[in-house]
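Each chain, letter by letter, is given below.
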Amino acid sequence: MTQGSHEMMQRNGQLIEQQTSNHSCGRVRMRKYLSLWFTLAALLLAGVFGANVPSAAAAGKSKTSDKVVYLSFDDGPGKHTSEVLDILRDEDVPATFYVLGEQAERMPGMIKRIASEGHVIGNHTYNHEYKELYRNFQTFWQQIKRTEDIINNILGIRPALVRAPGGTYGHFDHTYFDLLKKGGYAVMDWNVDSGDSKRRNVPASDIVAHATDVPAGVSSAVVLMHDGGAHAETVKALPDIIRYYKQQGYRFEVMQASDKPVQFQVKPAVKYKYRQSPSASWIAKHVNTNAEQWIVAKPLKIQLGNMTVELKPDEYRIKDQTILVPLRGYMNKLEGSISWDQTSGTATTWWKDRIVQVNPAMGTLTSKRLHDQDGQTVQAVMESRDGTIWVSAGDLIEQLGAKKYTVQSKGSGWVITVEPPWTSMEHRHFYSII
Ligand SMILES: [Zn+2]
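Below or above, wherever it landed, is the structure these notes cover. (Residues numbered from 1 in each chain as written. Predicted model: local features only at pLDDT ≥ 70, side-chain atom pairs only at ≥ 80, totals over all residues.)

### Quick notes on unusual backbone geometry
- Backbone torsion omega between Gly 76 and Pro 77 reads -5 degrees, so that peptide bond is classified as cis.
- Tracing the backbone through its elements, the reader meets Pro 77 in the loop between β1 (68-76) and α4 (81-91).
- Phi angles above zero are rare outside glycine, and Asp 92 is one such case at about 60 degrees.
- Looking at the secondary structure, you find Asp 92 in the loop between α4 and β2 (96-99).
- In this structure Asp 92 comes out as partly exposed when scored by C-beta crowding, with 13 C-beta atoms within 10 Å.
- Unusually for a residue other than glycine, His 128 sits at a positive phi of about 70 degrees.
- You can see His 128 is positioned in the loop between β3 (120-123) and α7 (130-133).
- Taking the C-beta count within 10 Å as the criterion, His 128 has 19 such neighbours and is therefore assigned partly exposed. (Helix = DSSP H or I, 4+ residues; strand = E, 2+ residues; numbered from the N terminus. Buried ≥ 20, exposed ≤ 12 C-beta atoms within 10 Å, placed from the backbone.)

### Concerning the sheet that holds strand β16 (residues 364-369)
- Sheet architecture is open: five strands sit in the order β13-β14-β15-β16-β17, paired in antiparallel fashion. What marks the edges here is a single partner per strand, and that holds for β13 (337-341) and β17 (376-379). Looking at each pair of strands side by side, their axes are set apart by 20 degrees on average, direction ignored.
- Of the pairings in the sheet, the one linking strand β15 (residues 354-359) to β16 comprises six bridges and is antiparallel in character. What sits directly across from Val 358, in β16, is Leu 365. (Pairing = 2+ DSSP bridges. Axes fitted to C-alpha atoms, helices over the stretch in contact; angles between N-to-C directions.)

Here you go:
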């Protein structure tokens, strides 16, 4: 059994517990759901649902310490990435990987492994070539977008985190900082350099010494390391580095675009003056549009009367201006239920008095009330990717019985407000369908 499917069963277990305690009135129903869930878990070892829900490593370490360490690995994926991942798994700590587009193209499986084990992926440009990247902003931007598309094709996620090859100091002028921010990206440098790429074959002992040398007054340590290229010594050093931060009482976190960025100052340098700045029309065409679409860097809140469902930035996606949610994860959060039928290729969801059948091959949602014979079928925006069905949040909410809803972009995130009246809960009808 893969680790992913093991996690899925654990998550299903948690869901059952939650449902049982929240719906004391539906005990018989829940017991039936319980067996349904275990059947599903046993059948769906290939992971039909929810490949993109972050694992416990990313989702929540206890927030008891004020000291935080962000381990970060640049230039991969490469030949040492799997060893790094093994160590992180054994130590049960998450990290952030700033990957190169050209490496991601070569090793898509490693990108999937990084994400599936609860780590976060950031964008480190396509080819790391300083001459291209720092010639002008337009070239840098093109590499960011190219890499972003590659990662999106592999994972269905667009990373908002960007790390500049070589760091921003001496490379970024204000145009780079300003336009990336406007485009919705968070640029992250570091404040602890492991020194593992200062020269070839820096010994592990030196790497440990530098990687644990936190500047005075810094409570959020962002540690720069490398998993791409020839970095066997970094792999050797990593367990000692992790041990140090554990002993010092740090908690380990992944970086998020909403975090306060760690950035170097702009180095005053004459050479920037020779850069051709992008024109206003170029910015309007590329950057402004990007910023409008870049809403996945914010959480998504769905307000249904007294109930608020929140999806973290990496738990939903945007495609062609449509908010797509992973069907299983979304139904879990709504405290609804879901089953998958391999033969017909349809997922069936239950929520309150509604049943909605989702057919990803046809792109249809068929909904009905529990006591109705026939359902109503509509076309909806959806796509199937790596065993996860992504469906338009709005289309699904409508078919689940919402008469009216609004979608708003607020500073703190996206808010879908569903207005009453609700379809009523009619428990008795559940028995007839199971
Ligand atoms: Zn690099």
